[in-house]
Amino acid sequence: MAPGMSARAGSSFVPVMSVVLAIVVLWYVGAALMNMAWEKSVAQRTGTSPSTMAMLSNTMKQERPVLPAPHQVVEEIINTTVKKKISSKRSLIFHAGITLSSAMLGFAMGTMLGILLAVAIVYNEALNKSLLPWIIASQTIPILAIAPMIIVVLNAIGVQGLLPKAFISMYLSFFPVAVGMVKGLNSPDTHYVDLMRTYSASRTQAFFKLRLPTSLPYLFTSMKVAVAIALVGAIVAELPTGAVAGLGARLLAGSYYGQTIQIWSALVVASILAALLVVVIGWIGTWVNRRLGLERGAGAHG
Amino acid sequence: MANAAMTRAFAYRPMERLLLPGASVFGIISVLLHAYWLTGLGIAVAALLSFWLLTKSRLSAALVTGYVSAAAAWYLISTVDASAPPAGFWLQVVAAWLLAWACVEQLAAIDTLSTLYKRVLGIAIPVLFGVWLLILWELLTRGLDVPQVLLPSPSLIAERFASSTATLWADFKQTFLKAVLIGYVIGCTAGFVVAILIDRSPFLQKGLLPIGNLVSALPIVGVAPIMVMWFGFDWPSKAAVVIIMTFFPMLVNTVAGLAAAQPMQHDLLKTYAASYWQSLFKLRIPEALPFIFNALKINSTLAMIGAIVAEFFGTPTVGMGFRISTEVGRMNVDMVWAEIAVAALAGSLFYGAIALTERVFTFWHPSIRS
């Protein structure tokens, strides 16, 4: 009943764990219910009538279940990561590595582009008024729709491999960085800007000594968003090339051949990867902010 | 109106000092290189005239640059089909572009107190920028003879758009009116309702919020193949992807919004002896509206992406994502661009409609009033 209770400090470990547990239980129930139809049809075809318990336990070990049980997915992930050589085409680490490398390349390019655009926008009023509205409008366009075209067209002129996928990740990730950095570069108080003026600091000095450091918390906050969508971009970019390699290719191949366990394990690995990336960027951000003595700033909008 | 802004001491802005002389130099050289003399000379004269006019009134200077650059662009586009344009032509393109850039700089530098005037400028500047992007695209693709497979010119795309409206409409109906809208409404409503339900349980909130935040960073589009397997090729599977993608942003934002009311406001309602539901509907949901609309806006983009990407995993032979992936395969890139234009148009109208609704419902909020 009390307002704002979610914001109150306190351990959320127990609540989160109970929700996770509830999800796992629901998942098992769902798997049992959704896979039951298949067991019933098998029983009917073979003319046997196994007990409900036998059918229930069978729903947990189908080869192509409608919904694989969690332990099946975990097993598949262990089989395709720890128990396979990394160079093997069936190793999920191999595929995740391919997706990760293009996502990282695109993320790096997108971050650079975003920062450059933000600096240009902050220092040029005309760009602020003409370019910024288009950058924002570009996000109402489903950019991922262009992904297959970019891949195929670049393929047609001989650009293959990492770069086309990285372009899509870049296109997706430059936006949050650009918008966040514009906000960040404009964030110093008027006091500080005036102080710089009394020191008769040049624009370059004011940029490197005031605007850039104060913008860093904003940069890391938006980089967390950017790295997550860079990964999405890389995964979607792998779809139109016809399932050669990468996590997106695993998804597509799985959907072609009805390998649900493969789809789910690719999905789980992609999610773990995304969570790890966000956490790592968060750590770097906290570390940098602490070194710069900006902890309070980071907390305010992190 | 513009003169009122000119009372301050006049100074050229750095970009104006670069762009206008630059445009006139390029214009004159283009004439010396035997390009069509009227365009080159016109640009040069206009740039100098505008440079002089700037000391009188920025608006009239901008009108000169804007008008002449538009006329030059029109002439250049109408002659670009002449095979392999000479160097003088490209110089004129650059000169006209610099002139248009100067026009944007001048318009952006106008400071005025009239809100109407400000609003008109706020629309005119980005529109001018966008139009010039299209002009340069048209000139470059046609002048450099870029293969159509690589990048068709805007005019070709427009032609294809006009000639295949029936197909585009069918795809729009399948993807937007069915999958996106239905999924969006269900997903957003579900997120909102669950947020209200867990509102009374701090335990559930503590448990669900971190998970909701985590999920919004995950590549959820990846569930598309699973949904296609469960719900078939037609639009329900796409709507399901949209529901999953829109649910969590709505949940997280609504929960945050419901906690946004100040303790003072709560105390006031308590002194009124307001019940839980009264304070929910009279205070907390209105206070949460900016957060909810934020989620609605984020979700409008996510919904489009979800529906289109889900179609890459299998569809009946209609739909925007289906059309894009098959026409790419046939190298009909102009059709793909026409489809992207539809998606862009639908996406921005969708977003715009939500933004307008937000203005109506949250007129009291500081970000709208200012």
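Residues numbered from 1 in each chain as written. Chains lettered and ligands numbered in written order. Predicted model: local features only at pLDDT ≥ 70, side-chain atom pairs only at ≥ 80, totals over all residues. Heavy atoms only, no water.

**What about the overall build of chain A?**
Our working rule: A run of H or I in DSSP becomes a helix once it reaches four residues, and a run of E becomes a strand once it reaches two; helices and strands are each numbered from the N terminus. Values of the radius of gyration come from C-alpha atoms, whereas the globule rule sets the reference at 2.2 Å times the count of residues to the power 0.38. Burial status follows relative accessibility: with a 1.4 Å probe on protein chains alone, a residue under 20% of its type maximum counts as buried, one over 50% as exposed, and anything between as partly exposed. We call two residues contacting when some pair of their heavy atoms lies within 4.5 Å. None of His or the chain ends enter the tally, which takes Lys and Arg as positive and Asp and Glu as negative. Think of each charge as sitting on NZ of Lys, CZ of Arg, CG of Asp or CD of Glu.
Secondary structure assignment for chain A yields twelve helices and zero strands. Listing each helix as α and each strand as β along chain A from the N terminus yields α-α-α-α-α-α-α-α-α-α-α-α. Taken over C-alpha atoms, the radius of gyration comes to 25 Å for chain A, far larger than the 19 Å a tight globule of 302 residues would show. Projecting the C-alpha coordinates of chain A onto the three principal axes gives extents of approximately 90 × 60 × 35 Å. Taking all 302 residues of chain A together, the buried fraction comes to 46%. Within chain A, counting contacts between residues at least 6 apart in sequence, those at least 24 apart form 73% of the total. The average position of the 22 basic charges and that of the 9 acidic charges among the side chains of chain A differ by 3 Å.

**Considerations on the interface of chain A and chain B**
Put simply, the rule is: Computed with a 1.4 Å rolling probe, the buried area is the accessible surface lost when two parts are put together, summed over both parts. Salt bridges are defined as contacts in which a side-chain nitrogen from Lys or Arg sits within 4 Å of a carboxyl oxygen from Asp or Glu. For the purposes of these results, a polar contact is taken to be a pair of N or O atoms within 3.5 Å, where, inside protein, one atom must be able to donate a hydrogen and its partner to accept one; residues adjacent in sequence count only when each atom of the pair is a side-chain atom. By the convention adopted, Pro, Cys, Tyr, Trp, Phe, Met, Ile, Leu, Val and Ala count as nonpolar, Lys, Arg, Asp and Glu as charged, and the other residues, Gly among them, as polar.
Each partner contributes residues to the interface: chain A has 56 residues there, and chain B has 55 residues. Together, the buried faces of chain A and chain B total about 4900 Å²; carbon and sulfur atoms form 82% of this surface. The tally of links between chain A and chain B comes to zero salt bridges. The interface formed by chain A and chain B includes four residue pairs in polar contact (both at pLDDT 80 or more). Where the side of chain A that touches chain B is concerned, the elements lending two or more residues are helix 1 (13-46), helix 5 (125-138), helix 6 (147-156), helix 9 (203-237), helix 10 (247-257) and helix 11 (260-291) of chain A. If one sorts the elements of the side of chain A that touches chain B by residue count, helix 11 of chain A sits on top with nine residues. When its residues are assigned to classes, the side of chain A that touches chain B shows 40 nonpolar, 14 polar and two charged.

**Some thoughts on the pattern of salt bridges**
This structure, assessed with the given rule, holds eight salt bridges over all chains. Its salt-bridge partner being glutamate 238 of chain A, residue lysine 165 of chain A comes within 3.2 Å of it at the nearest N-O pair. Pair noted here: lysine 165 of chain A is in helix 7 (residues 162-185) and glutamate 238 of chain A is in the loop between helix 9 and helix 10, with a separation of 73 residues, a long-range link. Linking glutamate 327 of chain B and arginine 330 of chain B is a salt bridge whose minimum nitrogen-to-oxygen distance equals 3.5 Å. Taking relative accessible area as the criterion, arginine 330 of chain B reaches 57% and is therefore assigned exposed.

**A few points about the side chain of glutamate 339 of chain B**
Residue and element names in this part refer to chain B. Looking at the element boundaries, glutamate 339 is found in helix 14 (residues 333-361). Here glutamate 339 is buried and forms no salt bridge, its nearest opposite-charge partner arginine 323 lying at an N-O distance of 4.4 Å. The residues contacting glutamate 339, other than those within four sequence positions of it, are Leu168, Asp171, Met320, Arg323 and Ile324.

**Focus: the domain arrangement of chain B**
Inclusion rule: Domains are outlined according to an automatic or database domain assignment.
Its domain assignment divides chain B into domain 1 (7-146) and domain 2 (160-369). Placing the centre of domain 1 of chain B and that of domain 2 of chain B at their C-alpha centroids yields a distance of 41 Å.

**Here we look at the layout of surface pockets**
For clarity, the cut-off: Using only the protein atoms, space was sampled on a 1 Å grid; points where a 1.4 Å probe fits but cannot get out form cavities, open sets with protein on both sides within 12 Å along at least five of seven lines form pockets, and lining residues are those with an atom within 4 Å of a point. Grid points are joined across faces, edges and corners, and a volume is the space filled by probe spheres set on the points.
Put simply, the second largest pocket is a space of about 1900 Å³. Residue lining of the second largest pocket: 42 residues in total, with Ile141 and Tyr171 of chain A together with Leu133, Trp137 and Trp337 of chain B positioned closest to the centre. Broken down by secondary-structure element, the contributors of at least two residues to the lining of the second largest pocket are helix 4 (92-123), helix 5, helix 6 and helix 7 of chain A together with helix 5 (115-143), helix 6 (154-163) and helix 14 of chain B. Its residues assigned to classes, the lining of the second largest pocket shows 38 nonpolar, four polar and no charged.

**Let's talk about the nonpolar core**
Here is a general trend for soluble globular proteins: nonpolar side chains tend to be buried in one another's company. To be explicit about the condition: The definition of a nonpolar core used throughout is a set of buried Ala, Val, Leu, Ile, Met, Phe, Trp, Tyr and Cys residues joined through side-chain atoms within 4.5 Å.
Grouped together as the largest cluster of nonpolar side chains are 107 residues, with contacts concentrated most on Leu144, Met149, Val236 and Leu247 of chain A together with Leu296 and Val309 of chain B. Looking at which element gives the most residues to this core, the answer is helix 12 (residues 276-311) of chain B, with 16 residues. Every residue in contact with leucine 296 of chain B, bar those within four places of it in the chain, is listed here: Tyr184, Cys188, Met250 and Ile354 of chain B.

**Topic: the packing of aromatic side chains**
What counts here: Only centres within 6.5 Å qualify two rings of Phe, Tyr or Trp (six-membered ring in Trp) as a pair; their planes then separate them into stacked at under 30 degrees, edge-to-face at over 60, and tilted for everything else. Over a ring means this: the NZ of a Lys or the CZ of an Arg is within 6 Å of the ring centre and within 35 degrees of the ring normal.
Summed over the entire model, instances satisfying the criterion amount to 17 aromatic pairs over all chains. Members of the aromatic cluster, connected to one another through ring pairs, are Trp169, Phe172, Phe176, Tyr184 and Phe350 of chain B. A cation sits over an aromatic face here: arginine 45 of chain A above tryptophan 38 of chain A, 5.3 Å from the ring centre. The ring of tyrosine 276 of chain B is capped by arginine 200 of chain B, whose NZ or CZ atom sits 3.8 Å from the centre of that ring.

**Re the domain arrangement of chain A**
When cut into domains, chain A gives domain 1 (15-63) and domain 2 (92-301). The straight-line distance from the C-alpha centre of domain 1 of chain A to that of domain 2 of chain A is 41 Å.

**Section: helix 11 of chain A**
An α-helix turns once per 3.6 residues; consequently, residues spaced three or four apart project the same way. What counts here: A helix is expected to reach a length of 1.5 Å times the quantity of its residues less one.
End to end, helix 11 of chain A covers 47 Å across 32 residues, agreeing with the expected 46 Å (1.5 Å per residue, within 8%). The first or second residue beyond helix 11 of chain A is glycine 293 of chain A, which carries a positive phi of 70°.

**As for the packing of helix 7 (residues 165-197) of chain B against helix 14 of chain B**
Residue and element names in this part refer to chain B. Defined as follows: Here an angle of 0 to 180 degrees is reported between the N-to-C directions of two axes, which are lines fitted to C-alpha atoms, with helices fitted over the stretch in contact. Crossings are classed by handedness, with left-handed meaning an anticlockwise turn of the near helix from the far one by less than a right angle and right-handed meaning a clockwise turn.
As a packed pair, helix 7 and helix 14 sit with axes 11 Å apart at the nearest point and diverge in direction by 40°. Here helix 7 runs over helix 14; the crossing is right-handed. Taking contact as the criterion, the partners of Thr167, Leu168, Asp171, Phe172, Phe176, Val180, Leu181 and Tyr184 in helix 7 are, on helix 14, Met335, Ala338, Glu339, Val342, Ala346, Phe350 and Ile354. Residue composition of the contact of helix 7 with helix 14, grouped by class: twelve nonpolar, one polar and two charged.

**Some details on helix 7 of chain A**
In this model, helix 7 of chain A (24 residues) spans 32 Å end to end at C-alpha, consistent with the 34 Å of a helix rising 1.5 Å per residue. The buried fraction of helix 7 of chain A amounts to 18 of the 24 residues, a majority that puts the element mostly inside the structure.

**Some details on the environment of arginine 200 of chain B**
All names here are of chain B. As for its placement among the helices and strands, arginine 200 is situated in the loop between helix 7 and helix 8 (202-216). For arginine 200, a relative accessible area of 47% corresponds to the partly exposed category. When the C-alpha atoms of arginine 200 and tyrosine 276 are compared, they prove to be 9.5 Å apart, with 76 residues separating the residues in sequence. Excluding residues that lie within four positions of it along the chain, arginine 200 makes contacts with Tyr276 and Trp277.

**Considerations on a nonpolar patch on the surface**
What counts, and what does not: Only residues whose relative accessible area exceeds 30% and that form no salt bridge are eligible for patches; like-charged ones are grouped when within 9 Å, while nonpolar side chains (Val, Leu, Ile, Met, Phe, Trp, Tyr) are grouped when within 5 Å. What sets the accessible areas is the Shrake-Rupley method with a 1.4 Å probe; for residues, cover comes only from the shown protein chains.
A surface patch of nonpolar side chains, amounting to about 590 Å² of accessible area, comprises Phe13, Val14, Met17, Val20 and Val24 of chain A together with Phe203 and Leu204 of chain B. In terms of residue count, helix 1 of chain A provides more of the nonpolar patch than any other element does, five residues in total. Residue placement: leucine 204 of chain B occurs in helix 8. A residue is classified by how much of its surface remains accessible, and leucine 204 of chain B, at 34% relative accessible area, is partly exposed.

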